[in-house]
Structure formats: structure tokens, C-alpha cells
Amino acid sequence: MNKEELWQATLAQLQFKTSPANFATWLKNTYILDNKDGLLTVSVPNNFSKEWLENKYNKTIFHIIKELNDEVKEIKYMVEKTAGKAKEAAPRHAQPSPPERQLGFPELDADQTTNLNQKYTFENFIVGPFNELAHAAALATVKNPGGPGNPLFVYGGVGLGKTHLLQATGNQIIQNTPGKKVKYITSEYFTSSVVSAIRNRTVETLREKFRELDALIIDDIQFLAGKEKTQEELFHTFNTLYQAGKQVIFSSDRHPKAIPALEERLRSRFEGGMVADVSMPDYETRLAILRTKLQEKGVFMENDVLDYIASHIQRNIRELEGALNRLITSSQVVGKMPALQEAKTLLRSIISNPNKAANPRKIIQVVAEFYDLKEKEIIADSRKKEVVRPRQIAMYLLREELKGSYPFIGKKFGGKDHTTAIYACEKIHKELQESEMLVDEISLIKQRIYSG
Amino acid sequence: MEITVLRDALKSGLSFTERACSKSTTLPILQCVSLVAEKNKATLSATDLEMGIRYVILSKTESEGGVAVPSRFFSQLAGFLQESQISLSSSSAGVRIASKTHDTLLKTMPLEDFPIIPSLQGDERALEIDARALCAGLAQIVSLTGQTQGRPEISGVFFAFQGDALRLAATDSFRLGEKTIPLPKNQEAGVSFILPQKTARELCAILQDQTGRIKIYAASSQVLFDYAFSDPAKGVSAQVVSRLVEGEYPKYQDVIPGNFKTKIVLERNALISHLRTASVFSGKLNDVLVSIDPKEQGVKIVTKNSEAGEHSSFISGDVTGEPLDISFNWKFFLDGASQFKAKDIEIGFAGEEAPALLKSAGTPEAYLYVMMPLRS
């Protein structure tokens, strides 16, 4: 029988030899740590238990164990630190929003070992059609870490809640099973760790550090593109964790298929688990998010102002919060909440007006960068497949976003005929109906155009 | 067991050890104090399984042995007895406590059921510190520890031994106190642990009036404080053993601000009395608005309560830097200000929603207090 069964059988007999109160007190949170070469090591939560079991119960326990497993010659009791964690009564709660307006030390919020910020929880994560798949996938991961949803790959644009979801997952796993080793890192941290480990020849130590985790969460994995050594380390680390049934969670700004310079074997592993996207929130959800944030801050705002914000800031939840904060700050100066007119004025710089938005050069520049081409190439005559597609996408965007006329578009691309432009736009338009990948790509490109 | 002891020693021992007794009813033996007699000495012990206290007193021992006595009755009785010598003897009926004029029989519990209080584990690192200094320092910060279960690491006092000094820190994530206590001689650095709040309080209470040094034995799973009394009539020695709070203490030094936009120096007594007066009119958030204007060379304190009314007062002092309006919980402010002994307190502000640092103006006091404001 294995360790758990052996200890259970022992406890089952021991409970009749002691009073219920004693049994509960001394044998709480005990378990077998190791059974090797005749030496049985039992983990106990504190030194009091250790003394008691060693001096008072050892004979009885030894007797029972010997009958179940006669290879055991000696029993040792050790105080295990993590055993005590379960003893800490209630599991970790997300630190509740500080009582009304009291601010808390910001640096104290993030746990040192896990890098998880307690303020990100499932409770304050608002679900809408745009993120319900990712949300459901995250919940499934929490329920069954290391199960079928391994690895979990969440992707989506900027400011849509990926980090919140990832951190909430980590926090919830720890809350459900205190003592589990969870670590949240950015891919940048992983990369720099690998680099310094190579420099200092401590690669083995680095590997141990990650492989003893129960769950590993890496944010912004797209930055691994082109970093061969880091990808190799990640590959080995991932395999070790995956085979041991440990959960790995990734986030990225795009689908694994769309990450350039990524090793095939990593790409296939990312796609091997659960891939879920987070798109942009719809109007109702934006409104719900605004209301929830207002409630958290204990502030009230008129409905028409909320409606204005929700209708005009469509892309990014962070921007929503930024707009809200702007209005709240100004309200403290003035003494009351802004009405619709004032709000419009205050938010003018945030809510992109058409001028700021895009110009043809910007669109072409962003598209070129996205596909790793030079602007010159897109405008030139090349009919190479790698160039034609981005060119068509750029033409499509010029039509969609700037409402440029076809001759105008043709001219922008080095004097091409307007029929070329028509063909390009229609082709992309049709492809968008069929390929979700293209929808994602274009949405990412649009984000870059408007945020730059 | 048959022994004779001094009443003062017994009383002292009981008043210390009973602090460790548990009020818990799941294991009634924990409400007892064990008294075990050996040649020339008797040991009183009590524990709640997280902390244990052992107190050794001199005894004339006719025969060795021990009993477990309900602590409340035992200490009450010892408190009332007048004679200087008490004799105790145990039998199957209980323990007989006799003096020249009184005779009592207390029912006891079986000594075999009494828990064994751990002693040294073997992997300890030993340190030494002045008893009064430690207790005085602990008293200044123990009440600042966090109470919520959400963050167990801050539910205790952080001890960090740094060679020539011991740094104590406690925080509830809204305010923080740090005390630096010089060590009697240069000792091993790098030892640190988190002491549960209860042990810190009890330790303070027991050893606050003692001169002499406490030996601290820090192991990975527990810490043991050992004190040898100078007056044997009071007792021979006392030991407090405690579990440690698990986890890593947050890097609290990052929280202490270094750059200040505004600095003020105020007379401590004036600040305290103004805060107390203003508190009468603070709202349900206990908020007090502090308005600092360099032009005025002083600080205005304003409180408003929609039901009671409002109050404003002015304290003059040195002001440097930018004007600032900032709100605090007056209780937090008062807690910090009252810990200083200096005549004047210097307060540095890093911004409207940034922490404020309090320290003594003039001679440094080895104590600093940081507090977060209320959102403006």
C-alpha cells in the first residue's frame, strides 16, 4: 500500500486507542513523508505534536505500523513547515477592498514567492460573451489543475483582462489547495533568468526552481519569439511539468499560430491543451465593468455619463478605468460628479477623435511592421505571396478605417490601379468570414494603429 | 511528590505560566498548569500547543513527582495565601496545598495527559538581548500586527538579527512600525523569524521588568526564549517556547518612503492633544484632514461629522516643501505619534496618496512609523 493508505490504516486503528479529543489534537495534519529502507518519517505540524507522538504514542503507532508493513524498523517524526499551512484555519482570502477609503501599502499586496497580487480574483472579474470561453477554461483549470485543460493558452489584445484572469486562476488554486506551489512570471522574467543562469552557470538550479512548482503561469509568451535558448529551456521545463501532471498557463497577444519565430515543438504544445481567446468587450459588458468599478470605489455617477464612456471607449478595459479615474479625480477638485457636458470635455483627450486616429502612412507602417516587412516592400511591385497578402490587408484597412476611395488607395500603394484595390478589399472581406485567425490579426493590427 | 516552596516564587511562577493556558475546552488538560518536582527545584509549565511557558523555582524536595492542577484555582489560591512558605504534596485525591494556617485540597488531572513542552531541537542559532530593551521595543509595535486571516505572515512580529542590532517590524498593511534594538555584542547575523502576536505580547508582559539578558534560540520550527532570574527568591529561570508564523515576511523596507514632497516638525504633545480633540468630530471612517501650508508655518487639522458638527484647529510648526492636503485615520496617526518619547516629531509626506513617515526630530530614536492615508 502507498503512504496515504498506510497512514489512513494506522489512524483508523489508533483512533480507538485514544480519546477523541486527544486523537484530534495530536494527529491533526499528520501524514507520512517518506518510507525508505525501514525508516518511516512522519510529518507533524509543530514541535508539541512531535514531542507527544515521540514520547507517548510512538510505541502504539509502531506496533500498528509493524502489523501493516513489517519492513519498518524505526519511526521518526519531523516538523514540516508546509503541513502547518493547512492549519492556518481559513484559506487565504483575497485581501478585501480596504475599508472604504483607507489605502494600503501597495508593495505588500504582491506575494513574494508566487508574485500573485491578491487583488485579482474571480469575484471581481466580469464575464461577458467576449471572455466567457477564457473564463470557463480558467475555472475548469482551477477545478482540475493538470487535467485536460493543460496547458491553458489565453490570448487577446491589450487591456482586456488576460493578466487578471491568469492571476485570479493562480490565487484561486492556492485558495482551494493551500500549500500548492504556484508561480506567476512574465516571459521577460523567464528570459532574463535563463540569460543570467547561463552566464553564472546556474542553469541546473534554475531548472529545479521551476520544476518543483505545482502550477506555472507565464504572461505575454509572445515575447519569446526569436529567443532560441529561452524557448529551449521553456520546452524542457514545460515537458517536465506536463508529464508530472502540473498545470501550465500561458497568455499572449495572439494565437500560437501567429507567433513568429516560435519553435514548432513549442507551438504544437501550446495548441495541445486549451486555447481560449479574449476579444473586445461589448457595450453591455463595458457598462457592467464601469458600474462594478464605481461600486468598488464607493462613488456614484450619472447614467448618461456612464453611457457616454461605455459607447466611446470600446477597445480596452484599462482605458475604461482610466476614463473613470479621470472623472473621479476632477469631481474631487470641483466637489461634485461631472455632468455629461463636463465629462465630454474631460475625456476629449482620451477618446480618440478622428484626427488622432489613423492616416494612410500609419496604417501601412503598422501593417509592414506586423508582418516583418519594410514599408517600401509593401508599396513596391513585388507579387511575392509574403508581400501581397500584407498589401491587401493594408488596402482593406485603408478602405475600412479611412473610407478611402479605391483610386486613392491605389495611388497610396505606388500608383496601382483602382481595380487592384477593389479586388484586395473584397478578397480580404471574404476571408474574414472564413478565417478566425485573420479576424484576430486584423483586430491586433487595428489596436496597434490606434494606440500608437 | 512532596515539596516546600516560597509563596512569592510560586505566585510569580503561576502568574506567568497561566498566561499560556488555553481556554479551549476540547482538551481540558490545557487549562492546567503542571508542577513537576525534582531535587532542589520545581518546574511549573503551561501551554496552548502553540506557545509554552516553563518556570523553574527553588524547592525543598522531600520526594519527587508531579501533578497537573487547574490553573485558575491554583493561581487564585496562591494569590490569597499570606504565609511565606507553602508545602505541596500529591496523592490520589489531588494536591494538598498547606501553609501554617491554611489547608487546601485541589483536585488534579493526570500528569501523563499533560503535553510535553518542546526544548531545544538541536538546530538552533543562539542570540542574546537585553530583556528590558526587547520588551520595551516589542511593546511599541506588537499592536500593529495584522489581524486578518488573509495574510498570515503579517499576523506576527518580524524579527531580523543583523549582527549589531535587532530589527523588529509589524504591520497590518495600512501602517507599519519598525524598532531597532542594539544588541549587547556583535552576534550572528542573518537570523530572522516571525513571532506570533500572542507570544510577543506574553513575552513582554512576563519579562518587562527584568534586568539581565534573554537568550534566544531560533530553530527552523520554533523559537525559545530563556531567562535566568537574578533574584532566586523570585525564581530560577523562565523559558518561553513558541511556534513561528510560516511564510516569508514581505519586504517591508520597500514601503518606507525616502523622498518627501513636504516635511513638518511638530511638538509631540500638541499633535496628540489636537488629534484627540479633533477625533470627537471625525466621521465613521475616523478620518481627519491634515492641511499643510508652508506659508502658514503650521498644520490645520479638520474633522467633519454630518451629525455632530465640525472642528478645526491649528498647530504651529516648521513646514518645508509643497502645500498638501491629506487625510488619515486619526487612530493610526495617534498610535504612531504616541510611541515617540522625543519632544518633537518629524513627519515626511511623499504625496496625497503615498505613505507618510514619522520619526523623532532631533536625537534619533530607533523607532519609525509609516502610515497610508485615506483616499482623498
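As shown above, the structure is provided for reference.
Residues numbered from 1 in each chain as written. Chains lettered and ligands numbered in written order. Predicted model: local features only at pLDDT ≥ 70, side-chain atom pairs only at ≥ 80, totals over all residues. Heavy atoms only, no water.

Asks: For this particular structure, what's the right way to read the sheet that holds strand S24 (residues 344-349) of chain B?
Replies: In sheet architecture, strand pairing relies on hydrogen bonds along the backbone and comes in two forms, parallel and antiparallel. Residues and elements named next belong to chain B. Taking strand neighbours across the sheet as the criterion, the nine strands line up as S14-S11-S12-S13-S26-S25-S24-S18-S22 in an open arrangement whose pairing is antiparallel. Two strands lie at the open edges of the sheet, namely strand S14 (189-196) and strand S22 (318-321), each paired on one side alone. The average undirected angle you get between the axes of adjacent strands in this sheet is 15°. On top of the sheet, helix H4 (residues 197-207) reaches strand S11 (156-162) and S14; it is set at about 95° to S14, its chief contact. (Pairing = 2+ DSSP bridges. Helix = DSSP H or I, 4+ residues; strand = E, 2+ residues; numbered from the N terminus. Axes fitted to C-alpha atoms, helices over the stretch in contact; angles between N-to-C directions. Contact = heavy atoms within 4.5 Å.)

Asks: What's the story with unusual backbone geometry in this structure? I'm lost.
Replies: Backbone phi values are negative for most residues with the exception of glycine, while trans is the configuration of most peptide bonds. Residues and elements named next belong to chain A. Looking along the chain, the bond that leaves Asn 150 and enters Pro 151 is cis, with omega of -5°. Note on placement: Pro 151 falls in the loop between helix H5 (132-143) and strand S4 (152-156). A positive phi angle, near 55°, is found at Asp 37, a position not held by glycine. Note on placement: Asp 37 falls in the loop between strand S1 (31-36) and strand S2 (39-44). What makes Asp 37 exposed here is its relative accessible area of 78%. The backbone phi angle of Arg 201 is positive, close to 60°, even though this residue is not glycine. (Buried < 20%, exposed > 50% of the residue type's maximum accessible area, 1.4 Å probe, protein only.)

Asks: Sorry, what's going on with empty space enclosed by the protein here?
Replies: To find leftover empty space, a probe the size of one water molecule is rolled over the atoms. Residue and element names in this part refer to chain B. Tallied over the entire structure, the rule returns two cavities of 30 Å³ or more. By volume, the second largest cavity is sized at about 30 Å³. In this structure, the second largest cavity is lined by Phe 260, Lys 263, Glu 346, Ile 347, Gly 348, Leu 357 and Lys 359. Listed by contribution, the elements that provide at least two residues to the lining of the second largest cavity are S24 and strand S25 (356-360). The element that contributes the greatest number of residues to the lining of the second largest cavity is S24, accounting for three residues. Of the residues assigned to the lining of the second largest cavity, the class counts are three nonpolar, one polar and three charged. (1 Å grid on protein atoms, 1.4 Å probe; cavity = no way out; pocket = protein on both sides within 12 Å on 5 of 7 lines; lining within 4 Å. Points joined across faces, edges and corners; volume = space filled by probe spheres on them. Nonpolar A, V, L, I, M, F, W, Y, C, P; charged D, E, K, R; others polar.)

So yeah, pure geometry; function would need other evidence.
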